[in-house]
Amino acid sequence: QGLLYPQRNETRDLIDLSGLWQFQMDPQGEGEAQRWFRKLPAPRMIPVPCSWNDLFDDAHTYLGLAWYRTEVWLPSGWRGRRVILRVGSATYAAKVWVNGTVVTEHHGGNLPFAVEITEQLAWDRTNVVAITVENEPRPERVPPGPPPGGGGVLGVAAGFPGTTYDFFPYAGLHRQVWLCAVPTVHIDDITVVTTIEGGDGIVSLKVATVGGYAGTGKARLDDIEADLGFRAGTAEAILRVPGARFWSPRDPHLYTLTVTLTDGVQISDTYSLDIGIRTIAVRGDQILLNGQPIKLTGFGKHEDFALTGRGLNLPMWIRDYELLRWIGANSYRTSHYPYPEEVMQLADQRGVLVINEIPAVGLNFADTEDLTRLRLAETRSQFRELIARDKNHPSTIMWCVANEPLVRPPDKDAPLSQPQEQKAIEAGTRFFQHVYDEVNRLDGTRPVTLVGVGGGPREWHERFDVICINRYYGWYALGGRLDQAAQVLARELDELHQAFGKPIIVTEFGTDTLPGTHSLPPEMWTEEYQVEFLRRYLDVAAQRPFMAGMQVWAFADFRTVQGVGRAGGMNFKGVFTRDRRPKMAAHFLRKQWTGM
Ligand code: E9O
């Protein structure tokens, strides 16, 4: 099934089920046997979309099973059409009932899933939609849960709730739930690939339908049109745009592509998509956008805000895009999971370059082969969904397959023996080979990267098109010693460049900084130290023309699990506070990146 963003037009309609739903936690897992999909015994109200954790004290650290329930009356005009239920994001596992019948199950938060529910619907009464969601940190999932009794980032201490990463494991229905009415025979998927020939843009498209459409259609972009002839439900076409405006951060021009199923008289379905004409490629140590080298400036981010948690928060995103422009950033990474679809559309419109990452954070390869096999299956299915969702966004310039995979869990104190370590490195090499091949098969048009961290084996980078590294000399190592930190960083970048000759991006570097804390000379945790640290890193990069990008960790302070390394349950590496006030470092970066 395709994952085209829901649309309302002359042939399609939508109902957004956002609003207050009934909610009940089910720690004993008794709801299904007691038919809670019909009626919840003791519900309270909850907003959708939103995380549940910061709303109710008894749900704050609850990651187990919970029920959502709502009712919806369908418009009579929808009769005779297919009705599709689309869930934008349920973190982590979901099961869906319509009028008492299970219609689908889904694994993996942060990505949408859709299922046709026409058969289950009633037209003469209200329909009951019930969804269970749970976010149990299980070891076979991606991201994996911590080993039993273990967890804790950096081995400082076991965090609570236990995770293999530091951000808070928010749970719930995080994005909209939609009902979509579409024609029985309809456009299910569109794949657009753009290339450049001289001043012309070449737009190649593939259209897939549901219902084995065998008729004709049209593709239109401005006043350029192509005929579509469908066979077994699919058709292809190429549109040439003379003197095209190529999409770039400086001129993020979008064309509207409209695909129509029509016999020339009657229109049976239509769908419009905003596309950018651009190319992205790696040549030697450079990343080329439309044939020109680009350098990324920007951040690693999170989807994180007070009360809403990881729930869709469009005001936050609009503000974040304003601040990205204010500070002169041209890019960010979707650390450490896919962001909302609207946020990708905004990146297209505003000309922001996105490294698009799946939720593969906290992987380690000292765990059993069984676990590695299960995580590989999960990683691949999440990638299939991510690429299906985001393949047509010009802003996505690169796929990222994992953040900071490790040879062994960070909380294991005893080092692995030499042969054990070798085995784990090889297991990781095989894992990433599989993922790389899969991503390339699904989308051969974008570079693919892996984000490595200090101490991670270099072998794992070999497969990938771009070398991305997270480095913390001057913070987690060499704390307080910024001169030495800069030397170590410089030496390592030179070595990596020598070894790989590929583009290098530092995708994380930063220091925890308590807003309002100052010192002279600069000391750790102060605003002065954050500025000095960032200055050293940017200077080292500026002296190395081969560097393809620098992304600061992090854009804003964000909520973490509890632990002695995270004061107040926060990661304070933000350049902005959690409520988006600038720290000194924000002003510093703005000067660096805009010259203002
Ligand atoms: C991942 C990110 O989600 N990278 C972490 C960030 C952090 O602030 C976290 O928020 O902790 C940094 C990992 C640093 C590991 C450094 C090991 C250095 C050993 C010399």
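First, a word on scope: everything that follows refers to the structure included in this document. (Residues numbered from 1 in each chain as written. Predicted model: local features only at pLDDT ≥ 70, side-chain atom pairs only at ≥ 80, totals over all residues. Heavy atoms only, no water.)

**Observations concerning the pattern of salt bridges**
Working step 1: Summed over the entire model, instances satisfying the criterion amount to 40 salt bridges.
Working step 2: Here Asp-320 makes a salt bridge to Arg-580, at a shortest N to O gap of 2.8 Å. Pair noted here: Asp-320 is in helix 1 (residues 314–327) and Arg-580 is in the loop between strand 32 (570–571) and helix 8 (584–594), with a separation of 260 residues, a long-range link. Each member of the pair Asp-320 and Arg-580 is classed as buried.
Working step 3: The salt bridge partner of Glu-532 is Arg-535, with a shortest N-O separation of 3.3 Å. Of the two residues, Glu-532 and Arg-535 are both situated in helix 7 (residues 527–542); the distance of 3 residues between them amounts to about one turn of the helix.
Working step 4: We classify Arg-535 as partly exposed; its relative accessible area is 31%. (Salt bridge = Lys/Arg side-chain N within 4 Å of Asp/Glu carboxyl O. Helix = DSSP H or I, 4+ residues; strand = E, 2+ residues; numbered from the N terminus. Buried < 20%, exposed > 50% of the residue type's maximum accessible area, 1.4 Å probe, protein only.)

**Re the sheet that holds strand 17 (residues 234–241)**
Working step 1: Here 3 strands make up an open sheet; going across it, the order is 13-14-17 and the pairing antiparallel. This sheet does not close on itself; its edge strands, each paired only once, are strand 13 (186–197) and strand 17. The mean angle between the axes of side-by-side strands here comes to 15°, regardless of whether they run parallel or antiparallel.
Working step 2: Looking at chain direction, strand 14 (residues 200–210) and strand 17 are connected through 8 bridges and run antiparallel. Within the sheet, the bridge partner assigned to Gly-201 lies in strand 17 and is Val-241. (Pairing = 2+ DSSP bridges. Axes fitted to C-alpha atoms, helices over the stretch in contact; angles between N-to-C directions.)

**Focus: the nonpolar core**
Working step 1: Counting residues in hydrophobic clusters, the biggest one holds 60 residues, and the most contacted among them are Phe-299, Val-575 and Leu-589.
Working step 2: At the level of elements, helix 1, helix 2 (341–350), strand 28 (466–470), helix 6 (482–500), strand 29 (504–508), helix 7, strand 30 (547–553) and helix 8 are the ones that each hand at least two residues to this core.
Working step 3: Met-25, Phe-56, Tyr-68 and Leu-179 belong to the second largest nonpolar core, which has 36 residues in total. (Core = buried A, V, L, I, M, F, W, Y, C linked by side-chain atoms within 4.5 Å.)

**Comments concerning the site of the ligand**
Working step 1: The immediate surroundings of the ligand are formed by 15 residues, with His-336, Glu-404, Tyr-476, Glu-508 and Lys-573 found nearest.
Working step 2: Tyr-476 has a polar side-chain atom sitting 2.5 Å from an oxygen atom of the ligand.
Working step 3: For the ligand, whose unbound accessible area comes to 510 Å², protein coverage reaches 81%. (Near = heavy atom within 4 Å. Polar contact = N/O pair within 3.5 Å; in protein donor to acceptor, adjacent residues only side chain to side chain. Areas by Shrake-Rupley, 256 points an atom, 1.4 Å probe, with all protein chains shown as cover.)

**A few points about the sheet that holds strand 19 (residues 267–275)**
Working step 1: If you trace the 4 strands from one edge of the open sheet to the other, you get 16-15-18-19, paired in antiparallel fashion. What marks the edges here is a single partner per strand, and that holds for strand 16 (224–229) and strand 19. Along the sheet, successive strands turn relative to each other by an average axial angle of 15°, direction set aside.
Working step 2: Bridge analysis of strand 15 (residues 216–221) against strand 16 gives 6 bridges, and the strand direction is antiparallel.

**Side note on the layout of surface pockets**
Working step 1: Considering only enclosed or pocket space, the second largest pocket measures out at about 360 Å³ in volume.
Working step 2: Secondary-structure elements contributing two or more residues to the lining of the second largest pocket are strand 13, strand 19, helix 2 and helix 3 (369–390).
Working step 3: Across the lining of the second largest pocket, the residue classes break down as 8 nonpolar, 7 polar and 6 charged. (1 Å grid on protein atoms, 1.4 Å probe; cavity = no way out; pocket = protein on both sides within 12 Å on 5 of 7 lines; lining within 4 Å. Points joined across faces, edges and corners; volume = space filled by probe spheres on them. Nonpolar A, V, L, I, M, F, W, Y, C, P; charged D, E, K, R; others polar.)

**Some details on helix 7**
Working step 1: Taking 1.5 Å per residue, 16 residues should reach 22 Å; helix 7 reaches 22 Å between its end C-alpha atoms and fits that length.
Working step 2: Among the residues of helix 7, Glu-527, Glu-528, Tyr-529, Gln-530, Val-531, Glu-532, Phe-533, Leu-534, Tyr-537, Leu-538, Val-540 and Ala-541 are the ones counted as buried.
Working step 3: Against the buried residues of helix 7 lie helix 6, strand 30 and helix 8. (Expected span 1.5 Å × (residues − 1). Contact = heavy atoms within 4.5 Å.)

**A closer look at the packing of aromatic side chains**
Working step 1: Within this structure, the stated rule accounts for 35 aromatic pairs.
Working step 2: Taken together, a centroid distance of 6.4 Å and an interplanar angle of 80° make the contact between Trp-21 and Tyr-68 edge-to-face. Here Trp-21, found in strand 2 (residues 19–25), pairs with Tyr-68, found in strand 4 (residues 66–72); they are 47 residues apart in sequence, far enough to count as distant.
Working step 3: Three or more aromatic residues joined by ring pairs make a cluster, and in this case those are Tyr-165, Phe-167, Trp-317, Tyr-321, Tyr-332, Tyr-337 and Tyr-339.
Working step 4: Looking at Arg-463, its charged tip hangs above the ring of Tyr-436, at a distance of 5.8 Å from the centre. (Phe/Tyr/Trp six-rings, centres within 6.5 Å; stacked < 30°, edge-to-face > 60°. Lys NZ or Arg CZ within 6 Å of the ring centre and 35° of its normal.)

**A word on the side chain of Thr-577**
Working step 1: Along the chain, Thr-577 turns up in the loop between strand 32 and helix 8.
Working step 2: Ignoring sequence-local partners within four residues, the contact set of Thr-577 consists of Pro-515, Ala-556, Asp-557 and Lys-583.

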